[in-house]
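# Tertiary structure, described
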Amino acid sequence: MTKRELIVNIFLFLYIMSINTLMLFRVMNILIICLFFYEYFVVNKLAISQVIKRIYYLPTIIFMFLVTLTVVLNGCNPEDISSLRRLIECFVIGGMLCFLLSDKKRIIVFGSANIIALLIIAIQYIYASMINMGRVPGLIGGPNLVSVQILMLMPICLVARRYFTNFKYLSILNLGVFLLSGVALLMTESRGSWLGLGLALIIAFLVNGRPYLLTVKRYSIIIIGNSNYIISRINHTVNYTENYTVERIYIWQSSLNMFKDNVWSGIGIGGERFRELYDNQYMLSAAKEKHIPHPHNLLLFYLSETGILGFVGFFIFFMCPFLYFIKNMLGEEAFSVIAKYAFFFLLSFVISQMVDSAFAFTKILRIYLAVLVFFISAFALYKRDYVSVEADKNV
């Protein structure tokens, strides 16, 4: 490994490890930007896969254009502009990472960093829950934020078990992290993430069962071992009029009313806009909870804050990779396994977000984009190598 490659790998590793630390993450953003320009202009690595252009760059440009248009239509409020700047920064850095993850060693380093981050999050949350005997905040915030981060990172363990086999220590680490993160996910008591994981596993298993069979078996053991605990949480959810679940329904109704009053461009993406309007204008008389920061539903989040325009942009951004991975996961080629686990990642996330709005938090968006970029880059790389090998065979 050359010094240049060593520096690139260190930067990629530190980028992931710094995501939940704001000041360090800003430093890493600057370093990633510098690294991108060095690779692009000095090293002159100009080749960008058509797959990446089709399912990341083009949907991102459309999404950002439409969200920018909503900000303009809403009068370019300073809070909206500040939120838009952070949003664009996240997606631009994601595009640069797609470019930098150009070989298998970098993919392995980037994936390993995500798995180590998942291990730290899982161990810390399990320890905190055992000490305090209940739902507790984690390293990145409340239990719901911890659960969605765990849910997003877990599929990397699955694909790494298949593609990091030349590194035995990583294979053992992946299995241990996967099991620990499953336990941590249960201990967050996040019903949305439970729902996302469970339904995504069932759907993925029914569509293409073989790669998911071992995963289903492992989680069956974890679920059986915690059956009393899970049943208690489900009963609490079923009795929704007696707990916070009914408040979510009221929040959804209020969010829908916001959308109806601001159909095209929404209320704006400024940080406190939703909370202010909910408290002062849209809170239902039957609701009890005040100071709600977001709609607790991903679709209503974009409909209420960015209207039809922003929602269409998000729909395009999400569905382009989702449909592409569905199209490529049913084959027998080696790269199709990556598409299978990418499909699982996207499906489990979007199901979990039917009862939450994790993208209201920039750090969750950064993690989502890091995982998405990992799958897109890994798929593009392995597909390119497969096509090249097949072409050589036919010569």
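For the structure given in this document, a descriptive report is provided here. The structure displayed is predicted, hence computed values, not measured ones.

Calculation criteria
Residues numbered from 1 in each chain as written. Predicted model: local features only at pLDDT ≥ 70, side-chain atom pairs only at ≥ 80, totals over all residues. Heavy atoms only, no water. Helix = DSSP H or I, 4+ residues; strand = E, 2+ residues; numbered from the N terminus. Buried < 20%, exposed > 50% of the residue type's maximum accessible area, 1.4 Å probe, protein only. Contact = heavy atoms within 4.5 Å. Areas by Shrake-Rupley, 256 points an atom, 1.4 Å probe, with all protein chains shown as cover. Axes fitted to C-alpha atoms, helices over the stretch in contact; angles between N-to-C directions. Parallel < 35°, antiparallel > 145°, perpendicular 65-115°, else oblique. Left-handed = near helix turned anticlockwise from the far one by under 90°. Nonpolar A, V, L, I, M, F, W, Y, C, P; charged D, E, K, R; others polar. Expected span 1.5 Å × (residues − 1). Polar contact = N/O pair within 3.5 Å; in protein donor to acceptor, adjacent residues only side chain to side chain. Core = buried A, V, L, I, M, F, W, Y, C linked by side-chain atoms within 4.5 Å. Salt bridge = Lys/Arg side-chain N within 4 Å of Asp/Glu carboxyl O. Phe/Tyr/Trp six-rings, centres within 6.5 Å; stacked < 30°, edge-to-face > 60°. Lys NZ or Arg CZ within 6 Å of the ring centre and 35° of its normal. Patch = residues over 30% accessible without salt bridge, like charges linked within 9 Å, V, L, I, M, F, W, Y side chains within 5 Å.

## Digging into the overall build of the protein chain
Looking only at helices and strands, one finds 15 helices and 0 strands in the protein chain. Across the 395 residues that make up the protein chain, the buried fraction comes to 51%. Here the contacts in the protein chain between residues at least 6 apart in sequence split such that 77% fall between residues at least 24 apart. Accessible area of the protein chain: about 18,000 Å², with a carbon and sulfur share of 66%.

## What about the packing of helix α1 (residues 3-17) against helix α5 (residues 104-132)?
Here α1 crosses α5 at 30°, and the two axes come no closer than 9 Å. Overall, the two elements α1 and α5 adopt an arrangement that is roughly parallel. Read as a crossing pair, α1 and α5 show a hand that is right-handed. Mapping the contact onto sequence places Arg 4, Glu 5, Val 8, Asn 9, Leu 12, Phe 13, Tyr 15, Ile 16 and Met 17 in α1 and Lys 105, Arg 106, Val 109, Phe 110, Ala 113, Asn 114, Ile 116, Ala 117 and Ile 120 in α5. For the contact of α1 with α5, a count of residues per class yields 12 nonpolar, 2 polar and 4 charged.

## Structural notes on the packing of helix α8 (residues 191-207) against helix α14 (residues 336-352)
Put simply, α8 and α14 touch, their axes get as near as 7 Å, and they point 140° apart. If you check the angle between α8 and α14, you find them oblique. For the pair α8 and α14, the crossing hand works out as right-handed. Only Phe 343, Phe 344, Leu 347, Ser 348, Ile 351 and Ser 352 of α14 make contact with α8, whose side of the interface consists of Gly 192, Ser 193, Leu 195, Gly 196, Leu 197, Leu 199, Ala 200, Leu 201, Ile 203 and Ala 204.

## Here we look at α5
Here α5 contains 29 residues, and its C-alpha end-to-end distance of 42 Å stays within 8% of the 42 Å for a straight helix at 1.5 Å per residue. Of the residues flanking the start of α5, the one acting as N-cap is Asp 103, its side-chain oxygen 3.1 Å from the backbone nitrogen of Lys 105.

## Here we look at unusual backbone geometry
Positive phi values are uncommon outside glycine, yet His 291 reaches one of about 60°. Take His 291: it is sitting in the loop between α12 (273-282) and α13 (298-328).

## With respect to the nonpolar core
Soluble globular proteins tend to pack their nonpolar side chains together in the buried interior. One finds Tyr 15, Tyr 56, Tyr 368 and Phe 375 to be the most contacted residues of the largest nonpolar core, which totals 110 residues. Sort the elements by how many residues they give to this core and helix α15 (residues 362-393) lands first, with 17 residues. What Tyr 56 contacts, discounting residues up to four positions off in sequence, is Val 51, Phe 91, Gly 94, Gly 95, Cys 98, Phe 317, Leu 369, Leu 372, Val 373 and Ile 376. By size, the runner-up hydrophobic cluster in this structure holds 10 residues, among which are Tyr 250, Ile 251, Phe 274 and Tyr 282.

## Some remarks on the pattern of salt bridges
Tallying each qualifying case throughout the model produces 6 salt bridges. Of the charged contacts in the structure, one is a salt bridge between Asp 103 and Arg 106, with a shortest N-O distance of 3.6 Å. Residue class for Asp 103 comes out partly exposed when judged on its relative accessible area of 22%. Several salt bridges converge on common partners, so that one network encompasses Glu 5, Glu 39, Asp 103 and Arg 106.

## A few points about the packing of aromatic side chains
One pair of aromatic rings is described through two measures. These are the centre distance and the angle between the planes. By the definition in use, this model includes 29 aromatic pairs. The interplanar angle of 75° and the centroid separation of 5.0 Å between the aromatic rings of Phe 301 and Tyr 302 together place this pair among those described as edge-to-face. Relative accessible area serves as the criterion here: at 6%, Tyr 302 is assigned to the buried category. Residue placement shows Arg 366 over the ring face of Phe 25; its charged tip is 4.1 Å from the ring centre.

## Looking at a nonpolar patch on the surface
A cluster of nonpolar side chains, contributed by Leu 195, Leu 199, Ile 202, Ile 203, Phe 205, Leu 206, Val 207 and Leu 330, occupies part of the molecular surface with about 710 Å² of accessible area. Relative to the helices and strands, Leu 330 resides in the loop between α13 and α14.

## Some details on α14
Each α-helix turn comprises 3.6 residues. Residues three or four places apart therefore point the same way. For α14, built from 17 residues, the straight-helix expectation of 24 Å at 1.5 Å per residue is met to within 8% by its first-to-last C-alpha distance of 24 Å. For α14, the buried fraction is high: 17 of the 17 residues fall into the buried class.

## Focus: the environment of Ser 83
Structurally, Ser 83 is set in helix α4 (residues 78-100). Of the residues examined, Ser 83 reaches a relative accessible area of 11% and is grouped as buried. Along the sequence, Ser 83 and Gly 270 sit 187 residues apart, while their C-alpha atoms lie 5.9 Å from each other. Within the structure, Ser 83 has its side chain in polar contact with the side chain of Arg 86 (distance 3.3 Å).

## A look at the side chain of Ser 336
Mapping Ser 336 onto the fold places it in helix α14. Look past the residues within four positions of Ser 336 in its chain and what remains in contact with it is Asn 328, Met 329 and Gly 331.

## Re the environment of Ile 19
Note on placement: Ile 19 falls in the loop between α1 and α2 (22-42). For the pair Ile 19 and Ala 370, spaced 351 residues apart in sequence, the C-alpha to C-alpha distance is 9.5 Å.

## Overview of the environment of Phe 65
Tracing the chain through its elements places Phe 65 in helix α3 (residues 50-73). The sequence separation of Phe 65 and Gly 313 amounts to 248 residues, and the corresponding C-alpha distance is 8.1 Å.

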